[in-house]
Amino acid sequence: MRNLKLLKSLRSTELRGPGSPLRLSVRADTGSLLVASHCSITEYDPRTGQVVSEASLTAGGFLPEDGGGAVVGLQDLAELESACLSTAGGDVVLFNFNTCQLECVGSVDSGLTSMSWSPDEELVVLTTGQFTIIMMTKHFEPITEVGIHQDDFGEGKFVTVGWGKKETQFHGSEGKQAAQRTIQEVRPAAAWDDRAPRVTWRGDGQLFAVSAVCLQTGARKVRVWNREGVLQATSEPINGLEQALCWKPSGSLIASTQRHPNKHSVVFMEKNGLLHGDFTLPFSKDHAKVKDLLWNSDSTVLAVWLEDLAAGEDQQVNLWVAGNYHWYLKQSLDFGRDSRKAPVCVCWDPERPLRLHVVTRGWTSVTYDWGWATERSPGTDAAADANVAVIDGDKILVTNFRQCVVPPPMCSFELQLTSPVNQVTFLCQPQGTNRLAALTSDGQISVYAQGESCDPTVASGRAVCGRELQSAAHLLHLADAPPPSGRRRHADCQVSGAELVVLSEVEVDGVVVSAVHGSQTGTVALQLEDGQIRKLRWGEPPLVNNSTLINFPVPCVQTALCSISGEEYLLGLTDRSHLYAGDTELASNISSFGVCNDFLLITTHSHTCRCLQLTTLSVKGLQAALASDGGQNDESLRRVERGSRIVTVVPQDTRVVLQMPRGNLETVHHRALVLAQLRKWLDSLRFRESFECMRKLRINLNLLYDHNPKVFLENMEAFITQLGSISHINLFVTELKEEDTTSTMYPRGPESSPVQTRPVSGQKKVDVVCDALRSAMESMDPNKFFLSVLTTHVKKTVPELEVALQKVHELRVNPPRAAGAVSAEEALKYLLFLVNVNDLYEHSLGTYDFDLVLMVAEKSQKDPKEYLPFLNMLKSLETNYQRYTIDKHLKRYSKALHHLSKCGQSQRFLSAPPPPLASALLSAPHPPPPTPSPFGKEGHSLTHSLTHSLTHSLTHSLTHSLLYAKVRGKTSDCEEAILALITGSVWEEALRLIYMHDRQDITETNLKPALLEAVGTQTAFLEAQVAAFTRHRARLAVVREQKEKARLGMLDEDGPDCPDAELYSEASSVMSGSKYSQSNSRVSSRSSKNRRKAERKKLSLKEGSPMEDRALVYALGEILTTEVHGLLKALVLFQFDKQAEKLQPAYEEALQAMEAAVPEVWAPEGPASNQLTGPNSTANSIMASFQQQQRPAAPQPGRHRLSSLFIHNSSCDVCLCN
């Protein structure tokens, strides 16, 4: 979407010499021009107009004095500080810049037809009059000499793979007739062709191409050679191929021209000689001839040098640019029919890619400097269409980006002009930015207005002070007052009829390279070639020289006026990616920038797009912002694709149009622009636009409230009315959260005033918004917004599900008759969408309304067999006890106790209360105050009786230590706590309480008898455990022996190659004679809980079960899980030494027996686990054994626990020693 904008054209007429110029070259180090004519070679500096050095070619005898000689090549050699030229007579001459002396370094008797140096200036290729190629080094030492015309194709000859004859191959849309078509003979070269060879090098200097006329056919053919002079490829026969030849510096294509029967084209060839693309020149085949093709140094612009065959000396230079696989004609330089003005030498500057040098026959030197520019309309209001104009020859392609994004080369509409367009500009007035003016190559200005007649207002350029507008460098469309006007550099012109009338003119000391206009202030800023800035004020008189105080350090190719913190600045971007604000450098990695409203948008070479608000930042602030990498929530930073450039920004919108390097377009919504636009809409109470934008661009909807909570709550009805849609209101409510998005996700800038985010003290944000919304909707239309009202109940911090369910129930009982009202079934279905059905069912049960419970249950997936018996049971209960049962089921223990307190004595504790219920009562900080009860004194004393009853009940469900922690401090009766601890065998804590409360009587009455009873219990338990251990150990040995016999029997019966031998390893559960032969294959598809159940069922101790051995090992590990340490200490303390002496050896004997059995019980499972291979091994057994060794060993049940018990109970010896 970029155009080539002419920055300046430097014309010099001081260069004079005998004869006419023949060759042109540019010195890369100084920028001076080397011009070779029929008589001399001259070094000329076009900037100063001075001749630096000159030498005569006729005096040295290199060219004849009659002017009949010719120079066929001229090249600057920076390393040798010389210029090399070759003559048609065969001499190769060096011109030394320091001594101005000529030196002949070689001569060819047959003469020379061309000379071409490699890009690295290491090799030179000469073509001779005998049709040979001579390759030499930079010191003119011959490398090779070969003939131009070769019969062989070259080293890159195509290989035929033998896929049949041409007649049998597929020919596409041409059909089978293409196979019988005879090959037409190639026509010879055109009559105006000079028949001289053309040589061009690839950019890396590894290959060069030679175009020469074939001796047999008379047509041109291109051959490609490598750096060693070896032929690589020959082009296919191309009918109408012409003399122009130029290799693209990037190395991809070779450009030439071809004359077709109906058109004239520029064609491209690959290095193998095959055609690869083309584009058509905008004239007929006999209208003009192409004298030469020239690529610029960065391969972005192709110059086509044309000569009009009908007009004789009329010559043009067209500049073509490719984008998105389309070739655009961007500039057309028309030199007229004057033979003295006709160019004879054209070349690109080797250092400045967009600088072109032209020398005419009359010794006039013209240097053109272009820059890339995007012509976009400067509008800032919503009426601006964000138009972008692209020059394409005699057409202007205009795209309206406010309405659509059309990828180039397509466009919204085209403007067809009579001549090629060189410049285009849009009207700078704020109300008419959709108008544009165009300057064509013939010096005419055309002004177009959208929606008006297609006939433009055309004014001849010769009325501007006697000058021609072909030389106009900058065109600004400043005014739209009828008639339209144009502006040429520093002259203000007005259209009068068909002529341009000069209104005023200001002289500027220097060459203007850019001109921009500020629509807000009316300032016109001119930039001179040395970076100086001249500001002109548009007014009465129209142009006034204003100031010359601020200068750019270096000239900039793109400029724009903007206001930074209220002060007007001129921004400039150099061709080296440096961005300046006046004389201050802002950044050094900028690829493009644009100014829209109060924002500066830039793209960087680090593949980011920054959007900065100019009204809130100073110049130093811009420097700091561009130097930083941005934070996590930095709204000014966005990542973009590599090489992206800004095309335009849609005013009063959020869209930024970017163009990728390959030419396609992408539209992004920059977060900074989006938030700025949202804040404007919210300040103006445009909730509908804000909501749609936030929903589409995924902006958190909490910003609607967080931007200004007070204003939002005050305009709640306006918000509801603008949104209108129930689904939109529900979406807003469901996204509400306590986070303040203006301080986290979308932080406010420093310029924003603080906004009160919590207008109601003590309430949470979600509750405030939900209550305000519900109140507004119920006052407006409760039937219409019924679903949204339910959403506000559900979304609250503590969801009001009971209230929502009650409203649905009321809707079912009293259905509204209003049109469009929601039915109860629809409301309940929506509520089930918001809330989990099980949670909703339990909340409905908590309302004690069985009709509501049935209504929810009917809409759920529950089986009636699950809930109907339970509901029927509840209905049969007394009201208070019914509610107590429901609260206990829902684990609402506080309410359950409250309802239980209202029950009579006959209703108390029909079953044991659950532990959490008791914990709820025992955890109360103070006993509840007495309340009037229908049961009189029974209700008053209920709390005390509940405490004792629950404590007695919990002795069987809670651990005694936990019980004591609950009971301690909750009652003044310590005896109950001590007895609970004695019952739980917590001897030490019981003794502590006895002595703390001075209750030694309990020692004799309860503690000592409990100790003697515990000794008997422990002794009996030990005997049972030892017997069980011995029994399981013996059975395990028998089971393992049976498995080993079964495995060996299978091997003996079937031999070593038995495929089932590995099934009878020690780890296998298959046993001979087992009555369990089926495997439970369905277990894998069950739930995890059921799988665990199934695994436990498999571990059966029943004799003959499939996994009896594993069950035995697991049972052995679970034996002896109790401890006697505390009991032994208590026995010794109360001098029960005999009982302790009996208990400790018995326990120690049991532990030693179990410890001795550990290697036997948990031994390695069979010999196969240690041996992978052997005479009886199979492939499957080897693989299974290998995988078993690689897999980490599973923990063996009980082994760790047994070891820990050995350590824990080793302290028993210490007790008896005391």
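Keep in mind it's a predicted model, so treat the numbers as computed, not measured. (Residues numbered from 1 in each chain as written. Predicted model: local features only at pLDDT ≥ 70, side-chain atom pairs only at ≥ 80, totals over all residues. Heavy atoms only, no water.)

When helices and strands are tallied, the protein shows 32 helices and 54 strands. When burial is assessed residue by residue, the protein has 47% of its 1218 residues classed as buried. For the protein, the proportion of contacts with a sequence separation of at least 24, taken over those separated by at least 6, is 52%. (Helix = DSSP H or I, 4+ residues; strand = E, 2+ residues; numbered from the N terminus. Buried < 20%, exposed > 50% of the residue type's maximum accessible area, 1.4 Å probe, protein only. Contact = heavy atoms within 4.5 Å.)

All right, on to the pattern of salt bridges then. Considering all chains together, one arrives at 37 salt bridges under this definition. With a closest N to O distance of 3.0 Å, Lys765 and Asp706 form a salt bridge. A residue pair is termed long-range when its members are at least 10 positions apart, and Lys765 in helix α9 (residues 765-780) and Asp706 in helix α5 (residues 703-706) qualify at 59 residues. In this pair, the class of Lys765 matches that of Asp706, namely buried. (Salt bridge = Lys/Arg side-chain N within 4 Å of Asp/Glu carboxyl O.)

On to the packing of helix α11 (residues 801-813) against helix α13 (residues 837-846), then. Their axes nearest at 9 Å, the elements α11 and α13 cross at an angle of 80°. Between α11 and α13, the angle falls in the class roughly perpendicular. Taken together, the residues of α13 that come into contact with α11 (itself represented by Leu801, Glu802 and Leu805) are Leu840, His843 and Ser844. Class assignment for the residues of the contact of α11 with α13 results in three nonpolar, two polar and one charged. (Axes fitted to C-alpha atoms, helices over the stretch in contact; angles between N-to-C directions. Parallel < 35°, antiparallel > 145°, perpendicular 65-115°, else oblique. Nonpolar A, V, L, I, M, F, W, Y, C, P; charged D, E, K, R; others polar.)

Pairing within the open sheet is antiparallel, and its three strands lie in the order β52-β53-β54. Of all strands in the sheet, those with a lone pairing partner are β52 (645-649) and β54 (665-669), marking the two edges. On average, each strand axis in the sheet is tilted by 30° relative to the strand beside it, whichever way the strands run. Of the pairings in the sheet, the one linking β52 to strand β53 (residues 655-659) comprises four bridges and is antiparallel in character. (Pairing = 2+ DSSP bridges.)

Turning our attention to helix α23 (residues 987-996). Structural remark: α-helix, 3.6 residues per turn; residues separated by three or four positions point the same way. Looking at α23, one finds that the buried residues are Trp987, Ala990, Leu991, Leu993 and Ile994. The arc that holds the buried residues of α23, viewed along the axis, is 165°, so those residues lie on one side. Opposite the packed face of α23, turned more than 90 degrees from it, sit the exposed residues Glu988 and Tyr995. Phi for Asp998, located one or two positions after α23, is positive at around 55°. (Arc of directions from axis to C-beta.)

The residue Asp740 is located in the loop between α8 (726-734) and α9 in this model. Among buried charged residues, Asp740 stands out as having no salt bridge; its nearest opposite-charge side chain is Lys765, 5.8 Å away. A polar side-chain atom of Asp740 sits 2.7 Å from a polar atom in the side chain of Thr742. (Lys, Arg positive; Asp, Glu negative; His and termini not counted. Polar contact = N/O pair within 3.5 Å; in protein donor to acceptor, adjacent residues only side chain to side chain.)

What helix α7 (residues 716-723) keeps buried is the set Met716, Phe719, Ile720 and Leu723. Along the long axis of α7, the arc covered by the buried residues comes to 95°, so they all point the same way. Buried residues along α7 sit against α4 (687-697), α5, α6 (709-714), α8 and α9. Of the residues flanking the end of α7, it is Gly724, one or two places downstream, whose phi is positive at about 70°.

All right, on to empty space enclosed by the protein then. Taken as a whole and judged by the stated rule, the model has four cavities of 30 Å³ or more. Forming the boundary of the largest cavity are Cys596, Asn597, Phe599, Val649, Gln652, Asp653, Leu673, Ala676, Gln677 and Lys680. Considering each element in turn, the lining of the largest cavity owes the most residues, four residues, to helix α3 (residues 671-683). Across the lining of the largest cavity, the residue classes break down as five nonpolar, three polar and two charged. One number sums up the size of the second largest cavity: a volume of about 50 Å³. In terms of lining, the second largest cavity is formed by Leu682, Leu685, Phe687, Leu704, His707, Asn708, Val711 and Phe712. Tallied by class, residues from the lining of the second largest cavity come to six nonpolar, two polar and no charged. (1 Å grid on protein atoms, 1.4 Å probe; cavity = no way out; pocket = protein on both sides within 12 Å on 5 of 7 lines; lining within 4 Å. Points joined across faces, edges and corners; volume = space filled by probe spheres on them.)

With that settled, consider the packing of aromatic side chains. A full pass over the atoms with the stated rule returns 18 aromatic pairs. Between Phe712 and Phe732 the ring centres are 5.7 Å apart and the planes differ by 50°, which places this aromatic pair in the tilted class. Residue Phe712 is found in helix α6, and its partner Phe732 is found in helix α8; the two are separated by 20 residues along the sequence. Given a relative accessible area of 2%, Phe712 falls into the buried group. In this structure Phe732 comes out as buried when scored by relative accessible area, which is 0%. Joined through ring pairs, the aromatic side chains of Phe268, Phe279, Trp295, Trp320 and Trp327 make up one cluster. The side chain of Arg2 reaches across the aromatic face of Trp372, ending 4.6 Å from its centre. Taking NZ or CZ as reference, Lys330 lies 4.5 Å from the ring centre of Tyr328, over its face. (Phe/Tyr/Trp six-rings, centres within 6.5 Å; stacked < 30°, edge-to-face > 60°. Lys NZ or Arg CZ within 6 Å of the ring centre and 35° of its normal.)

Here we take up unusual backbone geometry. Cis peptide bonds are those with omega within 30 degrees of zero, and the linkage from Pro408 to Pro409 qualifies with 10°. Note on placement: Pro409 falls in the loop between β31 (395-400) and β32 (413-416). The backbone of Phe140 sits at a positive phi, close to 65°, despite the residue not being glycine. Structurally, Phe140 is set in the loop between β12 (132-137) and β13 (142-147). Its relative accessible area of 14% is what places Phe140 among the buried residues. Even without glycine at this site, Gln652 takes up a positive phi of about 55°. Summarising the element assignment, Gln652 is placed in the loop between β52 and β53.

We now examine the sheet that holds strand β51 (residues 637-639). Where strands meet in a sheet, backbone hydrogen bonds hold them as pairs that are either parallel or antiparallel. Spatially, the four strands line up as an open sheet ordered β48-β49-β50-β51, and their pairing is antiparallel. Both edges of this open sheet fall to β48 (590-596) and β51, since each of them pairs with a single strand only. The mean angle between the axes of side-by-side strands here comes to 15°, regardless of whether they run parallel or antiparallel. In this fold helix α2 (residues 619-627) packs onto β49 (599-604) and β50 (608-613), with an angle of close to 155° to the strand it touches most, β50.

In this fold, Thr399 is placed in strand β31. With residues up to four places along the chain from it excluded, the contact list for Thr399 reads Met1, Ala386, Asn387, Val388, Cys404, Val406, Met410, Cys411 and Ser412.

Looking now at the nonpolar core. Membership of the largest hydrophobic core comes to 34 residues, with the highest contact counts inside it found for Phe719 and Phe732. If you list the elements that add at least two residues to this core, you get α3, α4, α5, α7, α8 and α9. Sort the elements by how many residues they give to this core and α9 lands first, with seven residues. With near-sequence residues (within four places) excluded, Phe732 lies in contact with Phe691, Leu701, Leu704, Phe712, Phe719, Val769 and Leu773. Within the second largest apolar cluster, 32 residues are counted, among which are Ala804, Leu805, Leu852 and Ala857. (Core = buried A, V, L, I, M, F, W, Y, C linked by side-chain atoms within 4.5 Å.)

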